[in-house]
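A closer look at the structure
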Amino acid sequence: MTVAVTTRRASTPFSRYRQALWLLTARDLKVRYTTSFLGYFWSIVDPLIMSLIYYFVFTVIFHRGDAVHQPYIVFLLTGLLPWMWFTGSVGDTTRAFLREQKLIRSTRIPRTIWVLRLVLSKGIEFIASVPVVALFALLTLATKTPAHVSWDALLSIPAFVIEAVLIVGIGLIVAPLVVFFRDLERAVKLALRFLFYASPIVYGLNELTNPTLHVLAAFNPLSGIFSMYRASFFPAELDWFAVWVSAAMSVVILGIGILVFKNSVHRVLKEL
Amino acid sequence: MTTEAPVKVQTTDAVIRVTDVGIRFQRNRRRRRSFKDLFAGRVRRAKPDEFWALRNVRFAVAPGEAIGVVGRNGQGKSTLLKLVAEVMLPDEGRVEVNGGVAPLIEITGGFVDDLTVRDNVYLTAGLHGMRREEITERFDEIIDFAEISDFVDTPYKHLSSGMRVRIAFAVISRLEEPILLVDEVLAVGDRAFREKCYKRIDEMLASGRTLFFVSHSEKDLRRFCTRGLYLDRGKLVLDGPINDVIDRYNKDYPAEQ
């Protein structure tokens, strides 16, 4: 018998991985933007409203306006936007498998894609929200306390990389575990709320004058990451100790994530 | 029951090779789990509340063969198909599949309600590894086959259930992969469309594709398959020509008069 099936393409596993990752990410963004009129606006309105609330609370009610970080709205945004990426993707990874059960049961694309695509689509929204910071920085030029961009803004690039590593690591741990322990979904939400106040977002890392607290805060990997983003406008915020700790921790968390994922994925597939 | 010597093909050029595969499931899904459980290695003793859905299954499929899987409900047929599709991983043994797979399993699973038929075709075909240009090339063919040319830009959620299955079958069956997995999807759709699906499968077989077919329909099995696998209680009981396998199955479980 002659075999007439021709080998159609010589695509590498890597290019297939990239294609599937991109398709799913594009699908998410497309669904989001075709089902709502305001599309892009929604991805920036959340951090914007949050910033305005905190701005109002701290400058108008508590008169923090004359304190260290000027202009405070830019200070807030540089912390809140990367926080939204973190909290959005970690929150989403709790449902990474459950939401896509049917698709996972019918396609054999590499399973890490289900986590990575969430981090990627939220990361794209994060990058898309950067112009908001620029806009507010420009607006402050008309005030008494204008924002100045420093060369440290280049540190946002390694900050982005470290944050991505951290989120993927956490996602690879959380996504499979939630399938077995559904309670974890709520626990993660709670932990995220706690982490919001435990991370230097509405305040700066060097405002923690208590030395023990300061070192403790440095072991929150988000502290170092946010201090790098912040340095774009507030060079004094840069804390190299925290940066190295967060880089090391992110890599370790990613390592643990890969191990957890590899050892639990076949059980996850049975459970779906 | 005895297990006949199963391997009849040269194992060197097999497209599907299943070696001593076993997979177990929990009897009681609500059992409390411990973290220890979760990270224990794949190969370990089955706990009392677990059972082996398949065990010691071993066979090889040569290119161009058409295999039918026979057995009662709950004897591991669909699980075997999922293992071959590699959407489930075995607890012991190995499944090797050399070549792309077009899985007609849960075919509508990848379709997104809010996207149009066009977007969905690109998405699903892409996830199964087809390149954009290839999809564009075959797009009209797919739509014609599914007979929904008037609904190309309609959101998927507004299609009737028959249309949904039709477009899904059209996409997966155009994947041009050398291995085709079919899990009783053909029971859906009206008779005319079913005939069309059968013809499409015939065409694919004629062009040298490998078929792995799970069905309860004796007629369909005899029509497409040359070789049968008979699964009973998680074991591969018989591997032989399809007619022998069906006869054996009917002898073990005679239809009620």
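In the block above lies the structure referred to throughout.
So, a few notes on the structure that sits alongside this text.

What counts and how
- Residues numbered from 1 in each chain as written.
- Chains lettered and ligands numbered in written order.
- Predicted model: local features only at pLDDT ≥ 70, side-chain atom pairs only at ≥ 80, totals over all residues.
- Heavy atoms only, no water.
- Buried < 20%, exposed > 50% of the residue type's maximum accessible area, 1.4 Å probe, protein only.
- Helix = DSSP H or I, 4+ residues; strand = E, 2+ residues; numbered from the N terminus.
- 1 Å grid on protein atoms, 1.4 Å probe; cavity = no way out; pocket = protein on both sides within 12 Å on 5 of 7 lines; lining within 4 Å.
- Points joined across faces, edges and corners; volume = space filled by probe spheres on them.
- Nonpolar A, V, L, I, M, F, W, Y, C, P; charged D, E, K, R; others polar.
- Expected span 1.5 Å × (residues − 1).
- Arc of directions from axis to C-beta.
- Contact = heavy atoms within 4.5 Å.
- Lys, Arg positive; Asp, Glu negative; His and termini not counted.
- Salt bridge = Lys/Arg side-chain N within 4 Å of Asp/Glu carboxyl O.
- Pairing = 2+ DSSP bridges.
- Axes fitted to C-alpha atoms, helices over the stretch in contact; angles between N-to-C directions.

Turning to unusual backbone geometry, a few remarks are in order. Residues and elements named next belong to chain B. Positive phi, close to 60°, is recorded for Glu176, a residue that is not glycine. Under the relative-accessibility criterion, Glu176 is labelled partly exposed at 24%. In the Ramachandran plot, Arg233 falls in the positive-phi region, its phi being about 50° despite a non-glycine side chain. Note that Arg233 resides in the loop between strand S8 (227-232) and strand S9 (235-241). In this structure Arg233 comes out as exposed when scored by relative accessible area, which is 63%.

For the coordinates displayed, the defined rule picks out 5 cavities of 30 Å³ or more. Of the pockets and cavities examined, the largest cavity occupies roughly 90 Å³. A volume near 50 Å³ is recorded for the second largest cavity. Lining the second largest cavity, in full, are Leu103(A), Ser106(A), Thr107(A), Pro103(B), Ile105(B), Glu106(B), Ile107(B), Gly109(B), Gly110(B), Thr124(B), His128(B) and Ile172(B). Within the lining of the second largest cavity, the residues separate by chemical class into 5 nonpolar, 6 polar and 1 charged.

For the rest of this paragraph, the subject is helix H6 (residues 191-206) of chain B. What sets the pattern is the α-helix's 3.6 residues per turn: residues three or four places apart point alike. All names here are of chain B. Here H6 is 16 residues long and its end C-alpha atoms lie 22 Å apart, about the 22 Å a rise of 1.5 Å per residue gives. Where H6 is concerned, the buried positions are Phe193, Cys197, Tyr198, Arg200, Ile201, Met204 and Leu205. In an axial view of H6, the angular spread of the buried residues amounts to 160°, which keeps them on one side of the axis. Residues of H6 that are exposed and point more than 90 degrees away from the buried face comprise Arg191, Ala192, Lys199 and Ala206. Those residues of H6 hidden inside the fold are in contact with strand S3 (66-70), helix H4 (132-146), helix H5 (161-173), strand S6 (179-183), strand S7 (210-214) and helix H7 (218-224). One or two steps after H6, the chain reaches Gly208, where phi turns positive at roughly 95°.

Mapped onto the elements, Glu237(A) comes out in the loop between helix H10 (221-230) and helix H11 (240-271). One buried charged residue, Glu237(A), forms no salt bridge at all, with the nearest opposite charge on Arg230(A) at 4.8 Å.

It is worth spelling out the pairing of S8(B) at this point. All names here are of chain B. The element S8 is extensively covered by neighbouring structure, given that 6 of its 6 residues are classed as buried. Across the two faces of S8 the burial is the same, with Arg227, Leu229 and Leu231 and Gly228, Tyr230 and Asp232 all buried. Note: S3 against S8, 4 bridges, orientation parallel. Paired with Gly68 across the bridge in S8 is Gly228. Inspection of the sheet shows S8 paired to S9 by 6 bridges, in the antiparallel sense. When the bridges of S9 are listed, Gly228 appears paired with Gly240. If you look at the hairpin formed by S8 and S9, you'll find 2 residues sitting between the two strands, and Arg233 has a positive phi there, around 50°.

For the rest of this paragraph, the subject is the pattern of salt bridges. Counting across every chain of the model gives 30 salt bridges over all chains. The closest approach of N and O atoms between Asp247(B) and Arg222(B), which form a salt bridge, is 3.8 Å. A residue pair is termed long-range when its members are at least 10 positions apart, and Asp247(B) in helix H8 (residues 242-252) and Arg222(B) in helix H7 qualify at 25 residues. Put simply, Arg248(B) and Asp252(B) hold a salt bridge, and the shortest N to O gap is 3.5 Å. With a gap of 4 residues between them, Arg248(B) and Asp252(B) both fall in helix H8, about one helical turn apart. Under the relative-accessibility criterion, Asp252(B) is labelled partly exposed at 27%. Because the salt bridges share partners, they merge into one network encompassing Arg27(A), Asp28(A), Arg99(A), Glu100(A) and Arg117(A).

Residues and elements named next belong to chain B. Across the sheet, 6 strands lie side by side as S5-S6-S7-S3-S8-S9; this open sheet has mixed pairing. On the outer flanks of this sheet lie strand S5 (101-104) and S9, each paired with one strand and no other. Across the sheet, the mean angle from the axis of one strand to that of its neighbour is 15°, orientation sign disregarded. Pairing of S6 with S7, which is carried by 5 bridges, proceeds in the parallel orientation. Looking at the pairing, Leu181 lines up with Phe212 of S7. Against the sheet, H8 engages S3, S8 and S9, with an angle of about 135° to S9.

We now examine the layout of surface pockets. Of the voids in this model, the largest pocket is the one considered here, and its volume is about 470 Å³. Around the largest pocket, the lining comprises 21 residues; the ones closest to its centre are Arg27(A), Arg99(A), Glu100(A), Phe111(B) and Val112(B). Elements with a contribution of two residues or more to the lining of the largest pocket: helix H1 (13-34), helix H4 (101-106) and helix H5 (113-128) of chain A. The element that contributes the greatest number of residues to the lining of the largest pocket is H1(A), accounting for 4 residues. Classifying every residue of the lining of the largest pocket by side-chain character gives 6 nonpolar, 4 polar and 11 charged.

Function-wise, these values are silent; they only describe arrangement.
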